Amino acid sequence: MTHFQARALYDFTGEPNTAEMTITAGETLTVTRTDVGEGWWEGLNAQGKSGLFPQAYVEKVASGSGPPPMPAPVLLPQSFSDDWGDAGGNQTSQDNDGWDDDWDEDPYSEIPNNNNMRQPQESLYANENALMQFSKGDSDTISEMSFGVDNKGTVTKKSFNRFSTFVKSGGESYILGNLKVHVEDSNKISILKLDDGICCWSPIPASEAYTVVVASPKKESKLKGLKSFIAYQLTPSFNKIQVSRRYKHFDWLHERLTEKFSLIAVPPLPDKQISGRYEEQFIEHRRTQLQEFVDWMCRHPVLSNSEVWRHFLTCTDDKLWKQGKRQAEKDPLVGANFCLCIEAPDKNLLQSFVDETIETNTNFIHNLDTAVKNLQGTASDQARKYGGAFKKEYTKVGESFYSLGTAIESAEKATPSDLATGIKRIGTAYFEIGKIFEDQPKLDWEPFLDKLYMYKGITGSFPDIFAIHKGAQQKRKECEKLNTPPAQLSEVRKRTDTVSYAIFAELQHFKEERDVFLKDAMKLYLNQQINFYKRIVDKLENTLHAFE
């Protein structure tokens, strides 16, 4: 290929003992290869040293270009129109099979290939829910959740916009009855209406319930260390056969799930990371978050039994994996077509009941989403203070007591008195309490934030789901105004009701999960807080004995 010049926009520190090259903002590089792997280029610096660097950290220099422009703000995704026209979605092409080249794929694929990416430490999350008129800040994530890791390398990414996927796959055609896709019995999903009027997905039979353990993350490499990656071992309880999965595999799975199940809140994945990917603390934190993702998947009546998820959990053969991957990417039952799989109750829904239920839940989700975000901010702030300001304050108290004990001790020519020793022990106790504060976030605040991160991702999915429902209702009203023949209008109403039933079932599952999920999170947090204060009391009581 033809070589060209590129200017570094940001500093990048290459990983030791790899082919990565350290670059400095403002320096000019000669790009020699752009086909190294997704998101990475190879080039030479001014000293003639060759190496790899992230494409997103540089910009191509045009001939005769002037000084580098000021970095632009983070680009936000486009808002979507309130009708069912072209929504301009963010869907990737399914004809791109580059990831199939080998099972391990490119080790640097955790760096998003986005030429519009600006400062990596800034969140790329943005509000895509203008249709529901949610506040612009509600869909942000809190980047401070990767405790002890260099957050400057964190890149958050919101997956496919559900409204766009639904529209592109024929949302209007589904409501009008124009979709002609055959659905196998094995793909059909039932919605039950209980005696108390509650709608729910057909539950998972007790005999078919299962769990999956995410464990043993380890760094692996190939091509003499040029390609490095972290592999996580997943073991389902139903077959006890371990499979090895990269984060990129999880990312691919998440895109497939989000694209296919447009009426279901798919749990979020951990944020992507550029720097510090091989630090032990970061790897363990990501494993914990992946475990939260897997746990939620296993408990969902629909997601836990989906074909792409089962393939992800069980496939150990490279060839079969690639076949299953291509099959999932060509699945016709995605977006609006997924509604063809749903077997909803025959009873027609009253429009007034539907409108009231959706409005009530829209307001509830909005308020809950805001409250969870606020709690995230508070928890993150507390976690920082525990290891910073609080530790510093208790260390300062300890130094003051210790200084007093030392002063008394210096005036005693013989053996130091019990008073001097006791006061110094008070200082030592406060030193140790400061250390307890420093270590405590790993036991309570960080696990609590992981729970909130998962919950925030779920609540953040519902505005798009409600937008789909709004579009379906609008199309139904258009048909009613156009004096559509009664038989055809009846079918339109039935299909619109199917969308409503599916959303009601998902809301019911969310309510059931909420009661269990949040209760467990609060119990874990409070138990750790109780143990925390008990340890402090024990330190002070043991110190008190020195004066008795």
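Our structure is the block above this text.
The sections below set out a description of the structure shown in this document. Everything quoted here is computed from the prediction, not taken from an experiment.

How each quantity is defined
Residues numbered from 1 in each chain as written. Predicted model: local features only at pLDDT ≥ 70, side-chain atom pairs only at ≥ 80, totals over all residues. Heavy atoms only, no water. Salt bridge = Lys/Arg side-chain N within 4 Å of Asp/Glu carboxyl O. Helix = DSSP H or I, 4+ residues; strand = E, 2+ residues; numbered from the N terminus. Buried < 20%, exposed > 50% of the residue type's maximum accessible area, 1.4 Å probe, protein only. Pairing = 2+ DSSP bridges. Axes fitted to C-alpha atoms, helices over the stretch in contact; angles between N-to-C directions. Parallel < 35°, antiparallel > 145°, perpendicular 65-115°, else oblique. Left-handed = near helix turned anticlockwise from the far one by under 90°. Contact = heavy atoms within 4.5 Å. Nonpolar A, V, L, I, M, F, W, Y, C, P; charged D, E, K, R; others polar.

Digging into the pattern of salt bridges
Part 1 of the reasoning: Tallying each qualifying case throughout the model produces 26 salt bridges.
Part 2 of the reasoning: Between Arg-476 and Asp-497 there is a salt bridge, with its nearest N and O atoms 3.6 Å apart. One end of the pair, Arg-476, is in helix H10 (residues 462-481); the other, Asp-497, is in helix H11 (residues 486-544), and 21 residues separate them in sequence.
Part 3 of the reasoning: Residue Glu-491 pairs with Arg-495 through a salt bridge whose shortest N-O separation is 3.7 Å. In this pair, Glu-491 and Arg-495 both sit in helix H11, four residues apart, roughly one turn of the helix.
Part 4 of the reasoning: Residue classification places Glu-491 among the partly exposed residues on the basis of a relative accessible area of 38%.

Quick word on the sheet that holds strand S8 (residues 199-201)
Part 1 of the reasoning: Pairing is mixed across the open sheet formed by three strands, whose spatial order is S8-S7-S13. Of all the strands in the sheet, just S8 and strand S13 (342-343) have a single pairing partner and so form its edges.
Part 2 of the reasoning: Note: strand S7 (residues 189-193) against S13, two bridges, orientation parallel. Residue pairing for S13: Ile-189 is matched across the bridge by Ile-342.

Thoughts on the packing of helix H7 (residues 351-410) against H11
Part 1 of the reasoning: Here H7 crosses H11 at 25°, and the two axes come no closer than 13 Å. With respect to H11, the element H7 is oriented roughly parallel. In the crossing of H7 with H11, the sense of the turn from one axis to the other is left-handed. Mapping the contact onto sequence places Phe-353, Val-354, Thr-357, Ile-358, Asn-361, Phe-364, Ile-365, Leu-368 and Tyr-386 in H7 and Ser-500, Ile-503, Phe-504, Leu-507, Phe-510, Arg-514, Gln-529, Phe-532 and Tyr-533 in H11.
Part 2 of the reasoning: Its residues assigned to classes, the contact of H7 with H11 comprises 13 nonpolar, four polar and one charged.

A word on the pairing of strand S3 (residues 40-44)
Part 1 of the reasoning: In terms of burial, S3 is largely enclosed, as four of its five residues are buried.
Part 2 of the reasoning: In terms of strand pairing, S3 meets strand S4 (residues 50-54) through five bridges, oriented antiparallel. Bridging from a neighbouring strand, Glu-42 pairs with Leu-52 of S4.
Part 3 of the reasoning: Counting the residues that bridge the hairpin from S3 to S4 gives five residues, and of these Gly-48 lies at a positive phi of roughly 85°.

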